[in-house]
Amino acid sequence: MEALPQPSTSSDAVLQILLFVDKRPNSSEKIRKIRNYLKELSSDYPFDLQVIDVGEQPHLAEHFKLVATPTLVKIYPEPRQVLAGSNLVAQLETWWMRWQQSVTEERLEPQADSSSPIETGNDSSIHSVVHSAELIRLSDEIFRLKQEKSELQDQLRFKDRLISMLAHDLRNPLTAASIALETIELAAESKEDGRESRLTPALMSQLLKHARTQTKAIDRMITDLLQAARGSGVELQIQPQKLDLQDLCFSVLNRLRGQFQAKSQQLKTDIPNDLPTVYADSERVQQVLINLLDNAIKYTPEGGIIQLSALHRTSQKVQISVCDDGPGIPEENRERIFEDRYRLQRDEGKDGYGIGLSLCKRVIRAHYGQIWVDSVPHRGSCFNFTLPVYRA
Ligand code: ADP
């Protein structure tokens, strides 16, 4: 805020005016004219004036509900009066005498409840108005900063957790890939030494394929985690092609066989042979299936039943369902579990970070499909998603 040259600050100067200005180039001429006019006036009538840049004091502009600049606001004597528009100097000329008159009247017959605003700190004095608007601004700022701080802390905590999860989850495919590579290396060494290798060409190519699959899995995990760390707003890129879902389902189930066995869970499938091909990104859909089956295994107790089924629902859509007879999802949480980092309180003791389902949702949305859960609490959940049928 800037004061005009030599404004009166004497106790007689009770007429109090704020001049709101902005820094736009086409405003400067208008402002100059008003300032000159006020400067001339100040030699005859002392008054108190403050020039306020709305860019620096937006709260004050809001306080007076200003819609344009420059604007003059007479704040004392009351009533408050706002002059705005292109002909401010002309308006000032009209009002100035009346304003002075009201000052004289005020001095002669002070209102019972309003003596000099400067001396008493009356609410309408320039200083108290400016002060309270500044207080509002500062408390808004403090509130905003507190919110920002807690969001940043949240993000930092999430990133810490992601890093530890990454380290933990990468270990499996990394170990599998390095075992495959070491085996191939040993075979090559024994060949160099003239010893006979026990690795047949078929076994060798199987090991290479295994190592490649594992490195792809590592790559996928890193990409997903980076995407999750960046937030859910990031659009997911997919490369859809003609895809045989039946093959994909069985290959995923094969991969997870060990996990089902470890919890003695029974696996059922209902995947019709005549299921039409879909138009989808194989890697991404595989990832959705793995996430849903992983969850089913994780949240269903030992000995439970898990079923993977597919259904040609309409001429345009295929529906895949992963059902279990685990604890189910309470109705009020059925939407929220698809949000980023949302976990049921009940499951906080289990491994996980609440990003699997939100990732599934983003993948399915990117395919213009739907994903949802049907559930009967304590009797199980069915996670369903749809994919578009491939059209030649
Ligand atoms: P995470 O499993 O890492 O917590 P998800 O996003 O995959 O994250 O799942 C979010 C939450 O939904 C889980 O924390 C769990 O509370 C609930 N949930 C997911 N799948 C199942 C399921 N099959 N049965 C019961 N609850 C589930």
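Higher on the page you've got the structure.
Residues numbered from 1 in each chain as written. Predicted model: local features only at pLDDT ≥ 70, side-chain atom pairs only at ≥ 80, totals over all residues. Heavy atoms only, no water.

Novice: Looking at this structure, how should I read the side chain of Arg 343?
Specialist: Inspection of the secondary structure puts Arg 343 in the loop between strand E9 (317-324) and helix H9 (356-366). Comment: no salt bridge for buried Arg 343; closest opposite-charge side chain is Asp 347, at 6.4 Å. At 3.3 Å, the side chain of Arg 343 and the side chain of Tyr 299 are in polar contact. Within the structure, the side chain of Arg 343 is placed 3.5 Å from the backbone oxygen of Asp 347, a separation counted as a polar contact. Here Arg 343 is in contact with Tyr 299, Glu 348, Lys 350, Asp 351, Gly 352, Tyr 353 and Gly 354, once residues within four sequence places are set aside. (Helix = DSSP H or I, 4+ residues; strand = E, 2+ residues; numbered from the N terminus. Buried < 20%, exposed > 50% of the residue type's maximum accessible area, 1.4 Å probe, protein only. Lys, Arg positive; Asp, Glu negative; His and termini not counted. Salt bridge = Lys/Arg side-chain N within 4 Å of Asp/Glu carboxyl O. Polar contact = N/O pair within 3.5 Å; in protein donor to acceptor, adjacent residues only side chain to side chain. Contact = heavy atoms within 4.5 Å.)

Novice: Would you take a moment to explain unusual backbone geometry for this structure?
Specialist: When glycine is set aside, most residues are seen to have a negative phi, and most peptide bonds are trans. For the bond from Tyr 76 to Pro 77, the omega torsion is -5°, close enough to zero to count as cis. Following the sequence through the fold, Pro 77 ends up in the loop between strand E3 (71-76) and strand E4 (81-84). Even without being glycine, Lys 65 reaches a positive phi, approximately 50°.

Novice: What is the right way to look at the sheet that holds strand E8 (residues 305-312) in this model?
Specialist: An order of E6-E8-E9-E11-E10 is seen for the five strands of this open sheet, with the pairing classed as mixed. Every other strand in the sheet has two partners, leaving strand E6 (266-270) and strand E10 (371-376) as the edge strands with one partner each. Across this sheet, the average inter-strand angle for adjacent strands is 15°, counted without regard to direction. Here E6 pairs with E8 via five bridges, running parallel. Each bridged residue has a counterpart across the sheet, and for Lys 268 the counterpart in E8 is Gln 307. Where helix H8 (residues 282-299) meets the sheet, it contacts E8, E9 and strand E11 (380-388), and its direction lies at approximately 175° from that of E11. Together, E10 and E11 form the strand contacts of H9, whose direction differs from that of E11 by roughly 25°. (Pairing = 2+ DSSP bridges. Axes fitted to C-alpha atoms, helices over the stretch in contact; angles between N-to-C directions.)

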